[in-house]
Amino acid sequence: PLIYVPRLGRASRVYPGIDRGPAWWPVTGRPGGGDTVAIAGHRTTHSRPFYDLQELRPGDPIYVSWRGETTTYRVTGNRVLSARNLHIADARGYEVLLLSACTPRGSARQRLVVYARPAR
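Residues numbered from 1 in each chain as written. Predicted model: local features only at pLDDT ≥ 70, side-chain atom pairs only at ≥ 80, totals over all residues. Heavy atoms only, no water.

Turning next to the pattern of salt bridges. In total, this model carries 1 salt bridge according to the counting rule given. Between Asp60 and Arg7 there is a salt bridge, with the nearest N and O atoms lying 2.4 Å from each other. With Asp60 in the loop between strand S4 (36–40) and strand S5 (61–66) and Arg7 in the loop between strand S1 (2–5) and strand S2 (10–13), the pair connects residues that are 53 residues apart, well separated along the chain. (Salt bridge = Lys/Arg side-chain N within 4 Å of Asp/Glu carboxyl O. Helix = DSSP H or I, 4+ residues; strand = E, 2+ residues; numbered from the N terminus.)

Structural data, given as structure tokens:
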């Protein structure tokens, strides 16, 4: 699996664990399945894949390749949430991509979450 975020100039594999780079959240969906798809990444360690995550803007494309298919998502917005919020990746009844990282940089106090919907 691969993720490419043009605004950030970053392309990366998506790993099963976050210590090598961006990683799937366990128990969330995968592209094209109609569920919440969640990918987490570090901002200051482990290749810093989401260092500039706050730069994403509504309409920006995000490409996620999975099992030979590439799904294009468009950013719809972002939020900063408490790190204690354990429900940010709950199913919503439609497909949504969540990119998340700790914020502010160097702190695990909160999570920056970018939301994106499949482009139609």
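Here the focus is the environment of Val64. Take Val64: it is sitting in strand S5. Given a relative accessible area of 0%, Val64 falls into the buried group. Separated by 52 residues in sequence, Val64 and Ser12 place their C-alpha atoms 9.8 Å apart. Once you skip the residues sitting within four places of it in the chain, Val64 turns out to touch Leu2, Ile3, Trp24, Pro31, Glu69, Thr70, Thr71, Tyr73 and Leu97. (Buried < 20%, exposed > 50% of the residue type's maximum accessible area, 1.4 Å probe, protein only. Contact = heavy atoms within 4.5 Å.)

The next thing to look at is the packing of aromatic side chains. Aromatic ring pairs are described here by two measures, namely the spacing of the ring centres and the angle between the planes. In total, this model carries 2 aromatic pairs according to the counting rule given. A cation sits over an aromatic face here: Arg48 above Tyr51, 4.3 Å from the ring centre. (Phe/Tyr/Trp six-rings, centres within 6.5 Å; stacked < 30°, edge-to-face > 60°. Lys NZ or Arg CZ within 6 Å of the ring centre and 35° of its normal.)

The share of residues in the protein chain with pLDDT of 70 or more is 98%, and the mean pLDDT across the chain is 91. Within the protein chain, the element-level pLDDT minimum falls on S2, averaging 92, and the maximum on S5, averaging 97. (pLDDT = per-residue confidence, 0-100.)

The buried fraction of strand S7 (residues 96–103) is high, at 7 of 8 residues. Bridging between S7 and strand S8 (residues 110–118) involves 7 bridges; their strand directions are antiparallel. When the sheet's bridge partners are listed, Ala101 is paired in S8 with Leu112. (Pairing = 2+ DSSP bridges.)

The subject of this paragraph is the layout of surface pockets. Quantified by volume, the largest pocket comes out at close to 170 Å³. In terms of lining, the largest pocket is formed by 13 residues, of which the most central are Trp25, Ala40, Ser100, Cys102 and Arg111. With 3 residues, S7 is the single largest residue contributor to the lining of the largest pocket. Here the residues of the lining of the largest pocket are counted per class, giving 8 nonpolar, 4 polar and 1 charged. (1 Å grid on protein atoms, 1.4 Å probe; cavity = no way out; pocket = protein on both sides within 12 Å on 5 of 7 lines; lining within 4 Å. Points joined across faces, edges and corners; volume = space filled by probe spheres on them. Nonpolar A, V, L, I, M, F, W, Y, C, P; charged D, E, K, R; others polar.)

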